[in-house]
Amino acid sequence: MDHAAASSPDAPSTPGCYRHPDRETGIRCTRCERPICTDCMVNASVGFHCPDCASGRTGGGPAPAASQPRTLAGGTIAADPRLVTKLLIGVNLALFLVQLSVGDRFTNRFELLGHAYLSFPGPVEGVAEGQWYRLLTAMFLHGSYMHILFNMLSLWWLGGPLEAALGRARYLALYFCSGLAGSALTYLIAEPNQPSLGASGAIFGLFGATAALVRRLNADMRPVVILLAINLVFTFTWADIAWQAHVGGLVAGAVIGFAMLHAPRERRALVQYGACALVLVVVVGLTLLRTAQLT
C-alpha cells in the first residue's frame, strides 16, 4: 500500500520496506529496486532480491522493472553473467600465445610506446607518430607467464561480479575506458622510449568499480580496501611496473563505477554513458597534449 507520509515535513528520509512500511531500510531489491528490510531480503548472485522477485512473481509495487528484471545498474540480465569476462580472458590468452609464437616482432608492433626508434637506422615509431592503436592493443599483451597469470586471475575474480551487476554493455564500457585511461596516463608521464604493456590499467579500473559496487550494496568495504592497498604497494615498490597505468585505470574505474551504480534511475543511461564519454574525452585530451609535446 502506498503512503502519503513522504509529503510530511517530519517524514523520515530513509524509505520503509515495501512489505513492512514501519521498518526503515537502506537496502533495495537489485531487480525491482523496491526498499526491503533484512527480514524480506533474499540473497542473490548480486545483492539481494525481494520475496516477489526471488519467487518469480511480479510484485505489486510501483517499480515497472519488477516484470522486467534488470541488473543492479539497469542492464539486461544474461544467462551466463560471466560470458564477457571469459571472452576477455580468452583474447588475452590467445594473444599471449601469439606473442610466444611470433616473438618480439609482434610485441614491439603493438605494445604501448610513446616516441622512439625500435631499430636504428629505422623510422621513429609510437603513439606520437600516429600509432594511436597502441593505446588499445597494449591492453591485451603481457610480458611473462607470471604477468598474465596474475592479471587473468584478477580479471576473473573482479570481473564476474561486476559483469553480473552492470550487464555486458556497461561492463565492457568500464573495462575499455579504464584500460585506455591507464594507457593515456602512461603515455603522458612515462619516458617516450619506455614500452609498456598489460591489462593492469583495465583491471585496476575493475578495482575502482568494485569499491563502488560494495558501497552500493552496503557491504563491508574493508576486504576491498586491504586488497587494493596491497596492490598499490606492489605498484610503487616493484620494478618494471607502469604505475601510471594502474593509477589512471583506478581513477577512471572508480568514476565510471560510481556513475554506473549510483546514477538516479530517471537519468541512469545519461549519467552512466556520460561518465564513460567524459573519461574518453580526457583520454583523447591527454593523448593530444603528449603528442604535441613530442612532435
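Each remark here, short or long, concerns the structure printed above.
All figures in this text were calculated on a predicted structure; none of them were measured in a lab. (Residues numbered from 1 in each chain as written. Predicted model: local features only at pLDDT ≥ 70, side-chain atom pairs only at ≥ 80, totals over all residues. Heavy atoms only, no water.)

(A) Quick look at the packing of aromatic side chains. On inspection of all chains with the given rule, the structure shows 6 aromatic pairs. Relative to tyrosine 133, the ring of phenylalanine 110 lies with its centre 6.0 Å away and its plane at 65 degrees, an arrangement referred to as edge-to-face. Note that phenylalanine 110 is positioned in helix α3 (residues 104-110) and tyrosine 133 in the loop between β4 (124-125) and α4 (134-137), a separation of 23 residues in sequence. The ring of tryptophan 156 is capped by arginine 82, whose NZ or CZ atom sits 4.3 Å from the centre of that ring. (Phe/Tyr/Trp six-rings, centres within 6.5 Å; stacked < 30°, edge-to-face > 60°. Helix = DSSP H or I, 4+ residues; strand = E, 2+ residues; numbered from the N terminus. Lys NZ or Arg CZ within 6 Å of the ring centre and 35° of its normal.)

(B) Quick look at the pattern of salt bridges. The tally for this structure, following the rule as stated, stands at 5 salt bridges. In this structure, the salt-bridge partner of arginine 134 is glutamate 125, at a minimum N-O distance of 3.5 Å. Each member of the pair, arginine 134 as well as glutamate 125, carries the same accessibility label: buried. (Salt bridge = Lys/Arg side-chain N within 4 Å of Asp/Glu carboxyl O. Buried < 20%, exposed > 50% of the residue type's maximum accessible area, 1.4 Å probe, protein only.)

(C) View of the side chain of arginine 134. Following the sequence through the fold, arginine 134 ends up in helix α4. In this structure the side chain of arginine 134 is engaged in a polar contact, spanning 3.5 Å, whose partner is the side chain of glutamate 125. Residues within four places of arginine 134 in sequence aside, it is in contact with Asn108, Arg109, Phe110, Glu111, Leu112, Leu113, Leu118, Glu125, Gly126 and Val127. (Polar contact = N/O pair within 3.5 Å; in protein donor to acceptor, adjacent residues only side chain to side chain. Contact = heavy atoms within 4.5 Å.)

(D) Summary view of the environment of methionine 41. Within the secondary structure, methionine 41 sits in the segment before β1 (42-43). Classification of methionine 41 by relative accessible area gives partly exposed; the value is 26%. Methionine 41 has contacts with Ile27, Ile36, Phe48 and His49, leaving out every residue within four places of it along the chain.

(E) Representation of the state of the cysteines within the structure. For the structure on display, the rule yields 0 disulfides. Note on cysteine 17: no disulfide assigned, nearest cysteine sulfur contributed by cysteine 37 at a separation of 3.7 Å. On the basis of relative accessibility, which here comes to 1%, the residue cysteine 17 falls in the buried class. Free of any disulfide, cysteine 32 has its nearest cysteine sulfur in cysteine 29, 3.7 Å distant. Residue cysteine 32 is classed as buried on the basis of its relative accessible area of 0%. (Disulfide = S-S within 2.5 Å.)

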